[in-house]
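# Examining the three-dimensional arrangement
As a plain string of letters, each chain reads:
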Amino acid sequence: MDMMDPVHFTRVTRLLLLGLLALLATLAALAMLATGARADWTLQSGVSYADHSPSAPTLNQLDIYRPAALAGDAAPLVVYVHGGGWRRGDKAVAGTLDKAKLFTDAGYVFASINYRLSPESAPPGGPDPNRIMFPDHPDDVGEAIGWLSRNAASMGADPDRIILIGHSAGAHLVSLVSVDPRYIGRFGVDQRQILGTIPLDTAAYDIEERAVGEDPDEPNLLFLNAFGTAAENAASGSWAGASPVTWADGADPEHLFITQLNPVRVQINQRMATALGQPADGVVSVALSHTGINNAVGATGDVSGTTAAITGFIDSRLSAYRPAAVSIRKRPSKVVSTGREARGGKPKKRTVSFAFSGSGNTASYQCRIDKAKFKACKSPRKYTVGTGRHSFRVRPLFPSGRPGAEKLVKFRVKPKSLRRR
């Protein structure tokens, strides 16, 4: 048997050692992700937000990526919804880690969610009427956002600064739950908590247009399986109900539309922008494929303009945001005088009034007098109080229901001095 050349043996050994080291590094990286440990973020994977699919529990789960070192203030929350034709896909789809790094590096909490999926295909006899279909998909997205809003404090996130981003079918879903707030409202989320929405390359703003297609005799089976057949639509109105363009108006969260350099797709996105009262020429078209747009977000060396457009949009939405605040416009004097009752000489009670107004992201108010509990109130607020020292407090509530900084007014009620005869 021939002996191996010593030099060749050394090279082979070096290659084997390098391969072994690379394998060990890969295994270590996988172990870090599995345990949620990483230098720049921590990962909480497989968090259940609902239990609608006992046989496939991962469909109602989400992953939470948090910056390793959160600043003192609560961080903005970016929620990502994957695509896949409403029938496939996962919260850990390719490109998710790039997005996690992009947003956690910016100091945001990033969540990627799953939702129930429609069947891959319809049986020969037609779609199962009991299949997963609209409105199950946006219901799940709304429920996941509700869970994130309620648990934001424990994640170090701000429930009143939420950005939604989705790709393909996920782009349709984030747009729909933004413009038809019933999906998030059912789970305690106010539409004003959504600061902005970023649909990545979808043409599903008008479901009826897509379901019928150019040839009414050959409907788009993908859409019919997810949103209902013609007969199902006739009974429920699902096609119009599932269409973001049906609900869009100028009061909805601002959208950033990113799509391919495809005239038809650009036109579809421009129509949705117009329905929102946004300029049609604000639609961003990039020289990437459908999948390429999703994979470009946060990718190292992205020169397409996709990542830059997204970070610029989020920066602008966060810069325009103002926290809830309240100011006192009318208050009683520091000392309020009161007379005495005709009989018995007891001091009369006095009615005092406070007027206040909110600014920034104020949704409502709570007031309290002295040691009473905070209760919902409106301006002006009146109280009848006796003699002595009193304190009035008013605080604004954010759309999420959490309180902002309160304002305090102290005053004293005393009886008028008795005149000597």
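Before any of the text, the structure's been laid out above.
Residues numbered from 1 in each chain as written. Predicted model: local features only at pLDDT ≥ 70, side-chain atom pairs only at ≥ 80, totals over all residues. Heavy atoms only, no water.

### As for the sheet that holds strand β16 (residues 407-415)
- Read across the sheet, five strands follow the order β10-β16-β15-β12-β13 without closing on themselves; strand pairing throughout is mixed. Looking at strand neighbours, the two that pair on one side only are β10 (335-338) and β13 (375-377), the edges of this open sheet. The average angle at which neighbouring strand axes cross in this sheet is 35 degrees, direction not considered.
- The pairing of strand β12 (residues 364-369) with β13 spans three bridges and is antiparallel. Considered in β13, the bridge of Cys 367 is made with Lys 375. (Pairing = 2+ DSSP bridges. Helix = DSSP H or I, 4+ residues; strand = E, 2+ residues; numbered from the N terminus. Axes fitted to C-alpha atoms, helices over the stretch in contact; angles between N-to-C directions.)

### Regarding the environment of Ser 118
- Looking at the element boundaries, Ser 118 is found in the loop between β4 (109-113) and α3 (136-150).
- Each C-alpha atom, one on Ser 118 and one on Asp 136, is 9.0 Å from the other, the two residues being 18 residues apart in sequence.
- Excluding residues that lie within four positions of it along the chain, Ser 118 makes contacts with Trp 86, Arg 87, Ile 132, Met 133, His 137, Asn 225 and Ala 226.
- A polar contact of 2.6 Å, which involves the side chain of Ser 118, links it to the backbone oxygen of Ile 132. (Contact = heavy atoms within 4.5 Å. Polar contact = N/O pair within 3.5 Å; in protein donor to acceptor, adjacent residues only side chain to side chain.)

### What to know about the packing of aromatic side chains
- Considering all chains together, one arrives at 15 aromatic pairs under this definition.
- Ring centres of Phe 354 and Phe 392 lie 3.9 Å apart, and the angle between their planes is 15 degrees; this geometry places the pair in the stacked category. Residue Phe 354 is found in strand β11 (residues 350-359), and its partner Phe 392 is found in strand β15 (residues 388-397); the two are separated by 38 residues along the sequence. For the pair shown, Phe 354 and Phe 392 are each scored as buried.
- Site record: aromatic cluster; members linked through ring pairs are Trp 41, Tyr 65, Tyr 80, Phe 103, Tyr 108 and Phe 110. (Phe/Tyr/Trp six-rings, centres within 6.5 Å; stacked < 30°, edge-to-face > 60°. Buried < 20%, exposed > 50% of the residue type's maximum accessible area, 1.4 Å probe, protein only.)

### Remarks on the pairing of β11
- Two strands pair when backbone bridges link them, and strand β9 (residues 325-330) and β11 are joined in this way by five bridges, in the antiparallel orientation. From the neighbouring strand, Ala 325 faces β11, where its bridge partner is Ser 359.
- Bridge analysis of β11 against strand β14 (residues 381-385) gives five bridges, and the strand direction is antiparallel. The residue bridging Arg 350 from the neighbouring strand is Val 385, located in β14.

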